[in-house]
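# Chains, contacts and geometry: an overview
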Amino acid sequence: MTRTTTSPALVELSGVGKHYGNVRALEGVSLEVRAGEITCVLGDNGAGKSTLIKIIAGLHQHDAGTLAIEGEDTRLASPREALDRGIATVYQDLAVVPLMPVWRNFFLGSEPRKGIGPFKRMDVDFMRRTARAELLRMGIDLRDVDQPIGTLSGGERQCVAIARAVYFGAKVLILDEPTAALGVKQSGVVLKYVAAARDEGLGVVLITHNPHHAYLVGDRFVLLRRGTMVGNHERADITLDDLTRQMAGGTDLDDLRHELQRP
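These numbers were taken from a predicted model, which means no experiment stands behind them.

Okay, empty space enclosed by the protein next. Across all of its chains, the model carries 1 cavity of 30 Å³ or more by this definition. Its boundaries defined by the atoms lining it, the largest cavity holds a volume of some 30 Å³. Along its surface, the largest cavity is lined by L10, V11, I69, E70, R85, I87, K171 and V172.

By the secondary structure assignment, L26 is in strand β2 (residues 23–33). The class of L26 is buried, set by a relative accessible area of 0%. Taking the C-alpha atoms as reference points, L26 and K49, separated by 23 residues in sequence, lie 8.9 Å from one another. Once you skip the residues sitting within four places of it in the chain, L26 turns out to touch V16, G17, K18, H19, G48, T51, L52, I55, L224 and G227.

In this section: the layout of surface pockets. The volume enclosed by the largest pocket comes to roughly 800 Å³. Every residue lining the largest pocket is counted, 31 residues in all, and those nearest its centre are L83, A88, T89, V90 and R164. The set of elements that each furnish at least two residues to the lining of the largest pocket consists of α2 (79–84), β6 (87–90), α3 (102–106) and α5 (154–167). Here the lining of the largest pocket is composed, by residue class, of 20 nonpolar, 6 polar and 5 charged.

This paragraph deals with the pairing of strand β10 (residues 203–208). Taking burial as the measure, the 6 residues of β10 include 6 buried ones, the bulk of the element. Burial of β10 is two-sided: the residues G203, V205 and I207 facing one way and the residues V204, L206 and T208 facing the other way are all buried. As defined by bridge partners, strand β9 (residues 172–176) adjoins β10 across 5 bridges and the pair is classed as parallel. Following the sheet pairing, V172 is matched in β10 by G203. The β-α-β motif built from β9, the intervening helix α6 (residues 184–199) and the parallel element β10 has right-handed crossover chirality.

Calculation notes
Residues numbered from 1 in each chain as written. Predicted model: local features only at pLDDT ≥ 70, side-chain atom pairs only at ≥ 80, totals over all residues. Heavy atoms only, no water. 1 Å grid on protein atoms, 1.4 Å probe; cavity = no way out; pocket = protein on both sides within 12 Å on 5 of 7 lines; lining within 4 Å. Points joined across faces, edges and corners; volume = space filled by probe spheres on them. Helix = DSSP H or I, 4+ residues; strand = E, 2+ residues; numbered from the N terminus. Buried < 20%, exposed > 50% of the residue type's maximum accessible area, 1.4 Å probe, protein only. Contact = heavy atoms within 4.5 Å. Nonpolar A, V, L, I, M, F, W, Y, C, P; charged D, E, K, R; others polar. Pairing = 2+ DSSP bridges. Right-handed = clockwise from strand over helix to strand, strands pointing away.

In structure tokens, the structure reads:
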């Protein structure tokens, strides 16, 4: 597939590997993340998805291959450095305080303050207004930003986290299995806001084991199995059936079907 842009990818991994002692977690993995596009990383449990997230998010450093951010070879030393470089990660177990209101969780750890000296305090009115406005801008119309975030559905909490990353200037948004614990309707809501983040110009990395969800929004698909890359496809080059078949193991699936046939 021919590209019309010559700008460097927001994030590009080339031949990246990671070992923990004698255990190979990743080997030879390459992918790129571009502004306004969604790169889906698919694989079953143990495929290496979590290790890949940790490398891009700055939790772990790769020990083979290269990681480039906007064309510059980089070794991220910490999640704080990744955030400073515009890479935000939303993990499956969202880092929220359930009893705190939505607006407080929206600004958690980055609360704006007003006043001077000993009279400095959190600017609650600004946080309430901004949280509501930013959620509405992403199409998220909550009943009340003062309600505890723990009262929201899992899909709504994911959407708040996505809107927060957009507001705080993320260029790359990594989503770790955002639909894994959700039903069909809530999964659809989350995917809608994943697409909204893409339309805001972010480069999105969607980690999932569900090829149907990936194919609804993805622009390219990287398939992992046991730490190695077994596929890297543009959307135009692969069908949903082929994507599902490759993720399921291809010939392994055919062998299983044969074994399960009635005699």
